[in-house]
Amino acid sequence: LTLSRAEGENGWYMALAAGIPEDDLEVMAEWTEAREKMFGYSYADPNDNPVSNTYYRTFGICYGDDTGSGDTYKHVAMAIRFLSYEAGSETWVNKSLASVSTSKFTGTEMDTIDKDPASYYILVGDTGLVQGGKVRAGEWIDVIRFRDWLKNDMQVRVVNLFVTRPKVPYTDSGIGLVQNQMLASLKAGQDVGGIAEEEFDEDGNSIPGYTTSVPLAASLSASERASRRLTKCTFKARLAGAIHFAELTGSLTYEL
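Details of the overall build of the protein
Within the protein, the regular secondary structure consists of 7 helices and 9 strands. Computed over its C-alpha atoms, the radius of gyration of the protein comes to 23 Å, more than 25% above the 18 Å expected for a compact globule of 256 residues. With respect to the principal axes defined by its C-alpha atoms, the protein has extents near 70 × 65 × 25 Å. Looking at the protein residue by residue over its 256 residues, the buried ones come to 37%. Long-range pairs, those at least 24 residues apart, make up 58% of the contacts in the protein between residues at least 6 apart in sequence. Of the roughly 15200 Å² of accessible surface on the protein, a fraction of 52% belongs to carbon and sulfur atoms. Across the protein, the mean location of the 24 positive side-chain charges is 12 Å away from that of the 36 negative side-chain charges.

The following block contains the structure:
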């Protein structure tokens, strides 16, 4: 019933299970993914994730045998923490959560959760940190969220172009206006940290963070131009990614 009501509402992005039997989580994941939203849930058994690992917009967090106050809603604590960051600026790993306790797992259980994949919340030293950070199909949660943000941002910019101008002519200059909106969106994604900045290889050659390509008006057929639909506008962008762990080596000597 709640999901049916949500279908008629705009402006929401993530559904979170609350008081739902684990047997129903698969249905909720399938429903949410079909609507290009994200879905989160918590589950108990590290060896038995209730949702299949085919979903690219669904994440789970295992709470194990610990059932302290709020522990069965660790996914809610995750969502509150990480959705507070701008899309592209965050990673869903190595951060603390509020109002939930850490769980205890054996090394084998953590390895199982990592490979499944899902998330878990454990003590690292004396600090509770989220580990895992992937959707069920294995991609990083932050990558999915940033991809959705970029798609929406670029669509909004292009639609606003059409709405605010008397018209966008089907000429090179008009096509250039569309390209400018693509570039503006990609630059915004780079500024927030989702897209890699320009880098250089060992020979000093530039490796751009993103590129765009649009057709020349003269290369399009009369029927394409008569349709008033502009196609063949493409972009490529390099994800900035994130570093979760670092291996450091060195030595202590009396002389260097």
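Remarks on the side chain of Lys74
Mapped onto the elements of the fold, Lys74 is located in helix 3 (residues 74-82). Assessed through its relative accessible area of 0%, Lys74 is described here as buried. Residues within four places of Lys74 in sequence aside, it is in contact with Ser42, Ile61, Tyr63, Leu97, Val100, Ser101, Ser103 and Tyr121.

A look at the environment of Glu224
Mapped onto the secondary structure, Glu224 falls in helix 7 (residues 222-227). If near-sequence neighbours (up to four positions away) are discounted, Glu224 is found in contact with Tyr170, Arg229, Thr231 and Lys232.

A few points about the packing of helix 5 (residues 141-164) against helix 6 (residues 172-192)
The packing of two helices is summarised by the inter-axis angle and the distance between the axes. Contact pair helix 5 / helix 6: the axes reach a minimum separation of 9 Å and the direction vectors enclose 145°. When you trace helix 5 past helix 6, the crossing you get is right-handed. Contacts from Phe146, Trp149, Leu150, Asp153, Met154, Arg157, Val158, Leu161 and Phe162 in helix 5 reach Leu177, Val178, Gln181, Met182, Ala184, Ser185, Leu186, Ala188, Gly189 and Val192 in helix 6. When its residues are assigned to classes, the contact of helix 5 with helix 6 shows 14 nonpolar, 3 polar and 2 charged.

Some points on helix 5
Within an α-helix, residues lying three or four positions from one another point in the same direction, as the helix has 3.6 residues per turn. Relative to the 34 Å expected for 24 residues at 1.5 Å per residue, helix 5 spans 35 Å between its end C-alpha atoms, a close match to the ideal helical length. Listed in full, the buried residues belonging to helix 5 are Ile141, Asp142, Val143, Ile144, Arg145, Phe146, Asp148, Leu150, Asp153, Met154, Val158 and Leu161. For helix 5, the secondary structure elements touched by its buried residues are strand 2 (38-43), strand 3 (58-62), helix 3, helix 6 and strand 9 (234-237).

Comments concerning the side chain of Thr58
Tracing the backbone through its elements, the reader meets Thr58 in strand 3. Reaching out from Thr58, the side chain makes a polar contact with the side chain of Glu33 at a distance of 2.9 Å.

Observations regarding the pattern of salt bridges
Scanning all chains against the criterion turns up 11 salt bridges. Notably, a salt bridge pairs Lys115 with Asp111, separated by 3.1 Å at the nearest N-O pair. Here the residue Lys115 and the residue Asp111 both occupy positions in helix 4 (residues 107-115), the gap between them amounting to 4 residues, near one helical turn. On the basis of relative accessible area, Lys115 is assigned to the exposed category, the value being 66%.

Quick look at the nonpolar core
The biggest cluster of nonpolar side chains holds 19 residues, and the ones touching the most others in it are Phe39, Tyr41 and Ile113. When residues of this core are traced back to their parent elements, those giving at least two are helix 2 (25-34), strand 2 and strand 4 (119-124). The leading source of residues in this core is helix 2, at 4 residues. Contact partners of Tyr41, with chain neighbours within four places excluded, come to Ala17, Leu25, Asn49, Pro50, Val51, Thr58, Phe59, Gly60, Ile61, His75 and Arg136. Within the second largest apolar cluster, 16 residues are counted, among which are Met38, Ala77, Ala79 and Tyr121.

A word on the sheet that holds strand 2
Taken together, the 5 strands give an open sheet; going across it, the order is 1-2-3-4-5, and neighbouring strands pair in mixed fashion. Whereas interior strands pair on both sides, the edge strands pair on one side only; in this sheet they are strand 1 (14-16) and strand 5 (127-131). Taking the axes of each pair of neighbouring strands and ignoring which way they run, one obtains an average angle of 25° across the sheet. Pairing geometry for strand 4 and strand 5, over 5 bridges, is antiparallel. Note on strand 5: the bridge partner recorded for Val124 is Thr127. Set on the sheet, helix 3 makes contact with strand 1, strand 2, strand 3, strand 4 and strand 5; between it and strand 3 the angle comes to about 120°.

Rules of the game
Residues numbered from 1 in each chain as written. Predicted model: local features only at pLDDT ≥ 70, side-chain atom pairs only at ≥ 80, totals over all residues. Heavy atoms only, no water. Helix = DSSP H or I, 4+ residues; strand = E, 2+ residues; numbered from the N terminus. Rg over C-alpha atoms; globule rule 2.2 N^0.38 Å. Buried < 20%, exposed > 50% of the residue type's maximum accessible area, 1.4 Å probe, protein only. Contact = heavy atoms within 4.5 Å. Areas by Shrake-Rupley, 256 points an atom, 1.4 Å probe, with all protein chains shown as cover. Lys, Arg positive; Asp, Glu negative; His and termini not counted. Charge placed at Lys NZ, Arg CZ, Asp CG, Glu CD. Axes fitted to C-alpha atoms, helices over the stretch in contact; angles between N-to-C directions. Left-handed = near helix turned anticlockwise from the far one by under 90°. Nonpolar A, V, L, I, M, F, W, Y, C, P; charged D, E, K, R; others polar. Expected span 1.5 Å × (residues − 1). Polar contact = N/O pair within 3.5 Å; in protein donor to acceptor, adjacent residues only side chain to side chain. Salt bridge = Lys/Arg side-chain N within 4 Å of Asp/Glu carboxyl O. Core = buried A, V, L, I, M, F, W, Y, C linked by side-chain atoms within 4.5 Å. Pairing = 2+ DSSP bridges.

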